[in-house]
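# Survey of secondary and tertiary structure
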Amino acid sequence: MAKKFVPNDNDFAIAYYRFSSHAQSDASIQQQRDAAQKYAAGHGLQIIKEYGVQG
């Protein structure tokens, strides 16, 4: 039996960024990161962990 998704009762978020092909560059990761941060700010979320960030 599949478990039903239950949303967290807090404002924490984890962001995951990835390359989908070799044609992408490091700039695409930064664009994903910018979009995630904008989304989080607009929805009252705090990104507490990021995966896929190079640096």
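Basis of the calculations
Residues numbered from 1 in each chain as written. Predicted model: local features only at pLDDT ≥ 70, side-chain atom pairs only at ≥ 80, totals over all residues. Heavy atoms only, no water. Helix = DSSP H or I, 4+ residues; strand = E, 2+ residues; numbered from the N terminus. Buried < 20%, exposed > 50% of the residue type's maximum accessible area, 1.4 Å probe, protein only. Contact = heavy atoms within 4.5 Å. Areas by Shrake-Rupley, 256 points an atom, 1.4 Å probe, with all protein chains shown as cover. Patch = residues over 30% accessible without salt bridge, like charges linked within 9 Å, V, L, I, M, F, W, Y side chains within 5 Å. Salt bridge = Lys/Arg side-chain N within 4 Å of Asp/Glu carboxyl O.

### Section: the overall build of the protein
- For the protein, the helix and strand inventory stands at 1 helix and 2 strands.
- The buried share among the 55 residues of the protein stands at 11%.
- The long-range fraction of contacts in the protein, counting pairs at least 24 apart against all pairs at least 6 apart in sequence, stands at 53%.
- Accessible surface, the protein as shown: approximately 4900 Å² in total, 54% of it carbon and sulfur.

### Quick word on a nonpolar patch on the surface
- A cluster of nonpolar residues, F12, I14, Y16, I48 and Y51, forms a patch on the protein surface that exposes about 580 Å² of accessible area.
- For the nonpolar patch, the secondary-structure elements that each account for two or more residues are strand 1 (12-16) and strand 2 (46-51).
- A total of 3 residues in the nonpolar patch trace back to one element, the largest contributor, which is strand 1.
- Following the sequence through the fold, Y16 ends up in strand 1.

### Quick word on the pattern of salt bridges
- The final tally for this structure, using the stated rule, is 1 salt bridge.
- The shortest N-O distance in the salt bridge between R33 and E50 comes to 2.9 Å. A residue pair is termed long-range when its members are at least 10 positions apart, and R33 in helix 1 (residues 26-42) and E50 in strand 2 qualify at 17 residues.
- Owing to a relative accessible area of 25%, R33 belongs among the partly exposed residues under this scheme.

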